[in-house]
Structures are given as structure tokens and as C-alpha cells.
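Chain by chain, the residues:
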Amino acid sequence: MEPRGLGEALIQQGWDQGSLLTARPAQQSWLARRPVSSDDTTEASGSGPELWETHQQVLAPGEHLVVSSQACDIARDPTKEPFVELLRASWTDDKQLINEAGRNSIRRFLLRRRTGDDGVPEGLIADATSRIYVEKSSLLGLTPEPGLDPSDQFVAHKFRRWLADRYNRPAVPDNLVAGVQKHVVEAVRKLKATDDLTELLTGVDQILFFADVAQEPYEVELILMRNERQDVSLELDEEGAARIAGWLSEVIREGAMAKVVHWEILDSRTISLYDYVTAYPLPLDYYTLRGEPDAIAETPFVREI
Amino acid sequence: MPGDVLERPGVLPPSQAPRLGLPTGDRPASMVAGEGYLVRPEWSGAVDVIAWDQSPTGDDTRLYLVQVKAFDVAAPAIGLLAGITGYARIVLPILEAFLPSEGLLDEAVTGCRVLIRLPASPFRRYSQAAKSLESESLVGIPAARLRQISGLDASRLAELFGVSRVTFQAWTAGATPHGARRERLLEILKLIEEVTTRLGNAQSTADWLLTPVTPKGKKPVELLRDRQDDTFRGYSLRLGTPRRFVRAPRPSRSRRVVAPEELRAAIGRLRSQTGYLEDNPASPQQGAADVEIPDAEG
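What follows covers the interface of chain A and chain B. The interface of chain A with chain B comprises 30 residues on the first partner and 22 residues on the second. Taking both partners together, chain A and chain B bury about 2500 Å²; carbon and sulfur atoms supply 53% of that area. Inspection of the region where chain A meets chain B yields three salt bridges. Residue R233(B) is joined to E250(A) by a salt bridge in which the shortest nitrogen-to-oxygen separation is 3.3 Å. Viewed at the interface, chain B and chain A are joined by nine residue pairs in polar contact (both at pLDDT 80 or more). When contributions to the side of chain A that touches chain B are tallied by element, the ones reaching two or more residues are β9 (204–212), β10 (218–226), α9 (238–254), β11 (258–266) and α10 (273–278) of chain A. For the side of chain A that touches chain B, the element with the highest residue contribution is α9(A), accounting for ten residues. Its residues assigned to classes, the side of chain A that touches chain B shows 14 nonpolar, five polar and eleven charged.

Residues and elements named next belong to chain B. When pLDDT is averaged along chain B, the result is 58, and 38% of the positions lie at 70 or above. Considering only residues more than four positions removed or in separate chains, one finds that residues 1–139, a stretch of pLDDT under 50, has 239 contacts. Of the regions scoring below 50 in pLDDT, residues 275–298 engages in 20 contacts with residues more than four places distant in sequence or in other chains. Under the prediction, the complex receives an ipTM of 0.71, its pTM being 0.59.

Each value, and the rule that gives it
- Residues numbered from 1 in each chain as written.
- Chains lettered and ligands numbered in written order.
- Predicted model: local features only at pLDDT ≥ 70, side-chain atom pairs only at ≥ 80, totals over all residues.
- Heavy atoms only, no water.
- Contact = heavy atoms within 4.5 Å.
- Buried area = accessible area lost by both parts, 1.4 Å probe.
- Salt bridge = Lys/Arg side-chain N within 4 Å of Asp/Glu carboxyl O.
- Polar contact = N/O pair within 3.5 Å; in protein donor to acceptor, adjacent residues only side chain to side chain.
- Helix = DSSP H or I, 4+ residues; strand = E, 2+ residues; numbered from the N terminus.
- Nonpolar A, V, L, I, M, F, W, Y, C, P; charged D, E, K, R; others polar.
- pLDDT = per-residue confidence, 0-100.

Now the structure itself:
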């Protein structure tokens, strides 16, 4: 087969962004500098090829890979773009992890839900921090599985946005991490899975915010974006939104650096382009603050199912 | 009272002024009807009189804080004592210190309670009592403050705490609730202070507290009664303060399919309005090529 035809053949075979691959056993590779002795003169330049070596890690048996490349990149001439990019993904029944991935986590995305054999709800979660490249020709003999619910166009659209958002969303400045995000993340982490606020938060797809930082306490305005996924049964109403906003405002106020002065409940049809583009996202599952270790949910991501 | 400094707009209604022993002409002209007012003492021999009275509808209370000269204090105090209820007994020792108390107290009259706050001089010998009273003055008595800023009557407020009206009124006069009830009182006071700050006055606060938040929803006061504080706080955050960043929700619109003829006509109108073709002779073809108009068939 001609190289150009390979990409098109993959598309015809059903490979697309969101396709799922079970590669067992697969390995993830990365580069790392090998330890050098003190008399190694090439270290000083840092450019000696012998300083770098490939490390590998075998993926766990329950892991999957989900295609993050766009269809046009899959179809592209393999001589110019030889690889398809995939993310590690795994099923989990950890409710907190599912909830975090179902909201505006920058790192994790809830691809789909299912009910396990024991009746326990499970979620298939992609991890944006872990990317793997597969040669296009290797996919040709494999049949893709749907990673996303084909009947839920909102999720497919959201997945595309999420992949891009990892790099194109404005980073939250340190003062707002310290004054707003840190307190929210820590409060969300303290919520129990059985807490009705945890359930209520599944009705929120994203939380965006603006802040006036002219003086402390910063004045914060929140936008709660309704979750429009079809696999979310809870439809957030005004009262539920008011409860979340009231709770967030108290959490933020206790941090003493900021206070919520207004909020709105919107969705993709009602938010203005200005608000969507200029507001900061408020990830609820982690924050990074210079001078502090990363505060990331400690739940182990990869589990054997 | 010449020389008084107005700290908060308000008015002493003419009907009340004589009762307090003050000539109506003394009130600053800038005061607004329906508001209480606060006068800053300018000399040590002054007395602040804090008085509550029923509104014309009898549904809520209003606060009046009036300063009178020390040597005039007898006149208003005599007038006030005529309307004192049992709640104001706490002030009697102070009043009685410079007033003949005999025959002045009429407990049958309700609806007016009085506290006298004394500065150090010339009533130095009562300063201890004054200090004690001041600590429990309007600011210091959470229930009184709650009643003042919420604009709600005692019965409604008593409901919030699951106590009788009489018990709540005792709280407003300085009786201290204990344990969980005191904690709850302070929680609710803080929540309603935020609302009043946003709405500006007690009447607006009362109106909001008694209006359902959604057509079939609860009233804010019912959210407090049911301890739905987060929800109450959430709704209150949308009051008063104009949004500065977040735009109002946009009406949801479905995508409209435009017929090719309509699209061509619209583009033609735009071109004729902007004069683009005439003003930019070097690039009309380029501009035209950028616009792709679908065929009528397709």
C-alpha cells in the first residue's frame, strides 16, 4: 500500500479521535539522562548523545490507549506524519476520580461510563499527562473500539476542546491560585463521595471565573457551566447552582484573599464568547503553586479491573 | 441639634420627634424618610438615645438613634419613659440616676423600647454602667442587630430559631441565648448582614427575604429556617452588586440556514454600504474570492 493510502485506510477502518485501543502488553517510553561520572567531559556541554537513554514502562493489564490525534493528522501522509498520538486511559470505579474527570480537570477526561458486573458505576478516564506515539502502520491490522459514546455529540466535542485546552487555556496566575483555586481544590478533596454536594457537582461541567485583583480581597465572579453530557442524569437547577455558588463563596472567603461577588449558571448555548474566551478555568482536582509541592489528588489513577 | 454630623441618611419622623422631646426643626434636611439616622456626639456631655418604634404598618421596626444635650436629657427621657416596655428595664438604673422615676414608667405602652448610652462626662459616676450597657447596645446584641437589619418582625425571626416570640424579644433586650442557638443566631446574623450590605436597607432586605427565589421555590427566610445556608448565600450573591465581568446569559439560538440568494443579497448590501469595492480598487477580486457562496442547487 502506498504511504499516503495508509492514513486514509486507517480512517476508513474507523480510526478517529477518541478511538480506543487495547495494547497489551504495551510500553511507554521516555528519555532520561543517564548518570555520568564526575570525569565525564561531555556532561559539561550537555549535548553528548550518550548522555540520554530510553526508559520504558509496561502498561498495566487494565489500561487502554485513546487516540488524541485528529482525523486529518491520522489521514496525513505517513512520510510526513508517521505517528498517531494516544493517551493512556483506564476504567475505574473510584467515584471521586470519576467526578473530578467529569468536571473541568485539565489533566483527566471522563470518556464514558458503564456499570460493572457487580452493578458498580465505572468510568473510562483518559490521562493527558501521559502520551504515547504509535506507528500508523501498526494500527492497520487492529479494529478500533469506540472510546466515546457515539450517541453523545457533546462529549466528542468536549473531548476535542479538552485536548486543546491543556495548552491553550490561560494559566491561572499564582495570586489567584493562592487566593481562589487552592482553597477550592482542598475543599473539594475533603468532600465525601456520599456528600450531596459531590452529587450536585456532577451537574457542573466547568467552573470559570474572573477576578478583580486591584486589592485584597480580590472580587471574584464565578460562571458555573451546566454539564450537558447525556450520561449525567442530574440537571443542575437554579437552587442547586445557588448551593454550589454559596458553598464556593464560603470556601473562598475562608481563604481571606478573595471573595465571591457574583455568579451565573450558563451553558454552551448561553455563555458569551467573551466570557468563554477570557475567563480563567477553575480546575477542581489539582493546583500548582510555586514554592509548594503540587497538590494533586492522591487517588492512584491506574487500577486493574 | 446644631453641629450634628450626619453619618447615615435618615429622618426622625415629625411624629416621633416630640415624643423624643426634640424639636422637628433640628433634623438635617438631607435625611430620607423611612431611615434611621446616627448622630455623632460632639461634646462629652451628650447622650445617644437609641429608640425602636413600629413602622406605620406595624410589620417591622425602625431604628432611631438621637443625640441630645446632656442638660436636655430629662425632657426626652421623660417622654421615652412613658413608652418603655419591660425590655428596657436594663436602662432604668441609668435613667433613674438623674430622673425622678416615680410615676414615669408605663408598662402598658408597647412598641417603644429605649436604651440610653452615656458618655464618660458629665455622667462619670455612671460610666461603668454605661460601659456595660454600651457593650450590649445595638451593635453588641446580635438579636437586636438582626431585627434591625433584617426588617423582619420578632415572630418571623423567632421562627428561624424555633423559639417563641417572647424568647426572641428577650434576646433583643440583651438576654443571651446559649449553645447552639447562640451559634445559629450569629450565623444567621452574618448572612443577613451580607444581604443588607448588598441591598442597602432593611426594608429591601425584608422584601427579599419574604419573596420566593423561584416561582415554586422557597423564600430565602425559609432556606435559613431549613438551614440551607449555602443556597441562601448563593442567592444573596446575585443581589445588588452589579456584575462587572460576567455577561448576562444570552438567549439560546438555533442555527439558521441561509438560502444562497439571501446570502448573496446580504453580501451585496454590505458591499454597497461599506463602499469597499470603490475605495479599494486594488483588491476587489481578492475580497470577492474570499467569499464562497454556495450554489443554488447545493
